[in-house]
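Descriptive structure summary
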Amino acid sequence: QVQIVESRGGLVEPGGSLNLSCTASGSIASFYIVGWFRQAAGKQREIVAQIITGSNTRYADSVKDRFTIAKDDAKNVLFLHMSRLTPEDTAVYYCKLGPTGNYWGQGIQVTVSS
């Protein structure tokens, strides 16, 4: 079973940037869909960004002009570069590898506040 760990979350001021990392114990390249989800307090989990079939990207409308998803297959790492952050981006962010297996990370907190 693949183990994945998210890192580089934390506190950032509005307008700032963060780069989230998701490191897998197995091959990220072997998954057709990899991506990031988030869940704010009291709200449903939602998709943030995905890479489908290793090349096609998809973003939530709320982040598509500010976030960038990327991966490094050689290092088995999935990234989420977030810029121009707002308090509405505050949530727990989860890395997901699938659709086979549907492996999830434990989630990392991102808090945008001054």
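Note: the structure precedes this text.
This write-up is about the structure you can find in this document.

Turning to the packing of aromatic side chains, a few remarks are in order. Given two aromatic rings, one states the distance between the centres and the angle between the planes to describe the pair. Under the criterion given, the structure shown has three aromatic pairs. Judged by centre distance (5.9 Å) and plane angle (85 degrees), the rings of F31 and Y103 are edge-to-face. Here the residue F31 occupies a position in the loop between β3 (18–24) and β4 (33–39), and Y103 occupies one in strand β10 (residues 103–104), the gap between them amounting to 72 residues. When its relative accessible area of 8% is taken as the criterion, F31 is described as buried. Each member of the aromatic cluster is reached from another via a ring pair, and the members are F37, Y94 and W104.

Here four strands make up an open sheet; going across it, the order is β1-β3-β8-β7 and the pairing antiparallel. At either margin of the open sheet sits one strand with a lone partner, and together these are β1 (4–7) and β7 (67–72). Neighbour-to-neighbour, the strand axes of the sheet open up by a mean angle of 15 degrees, direction not taken into account. Bridging between β3 and strand β8 (residues 77–82) involves six bridges; their strand directions are antiparallel.

Cut-offs and rules
Residues numbered from 1 in each chain as written. Predicted model: local features only at pLDDT ≥ 70, side-chain atom pairs only at ≥ 80, totals over all residues. Heavy atoms only, no water. Phe/Tyr/Trp six-rings, centres within 6.5 Å; stacked < 30°, edge-to-face > 60°. Helix = DSSP H or I, 4+ residues; strand = E, 2+ residues; numbered from the N terminus. Buried < 20%, exposed > 50% of the residue type's maximum accessible area, 1.4 Å probe, protein only. Pairing = 2+ DSSP bridges. Axes fitted to C-alpha atoms, helices over the stretch in contact; angles between N-to-C directions.

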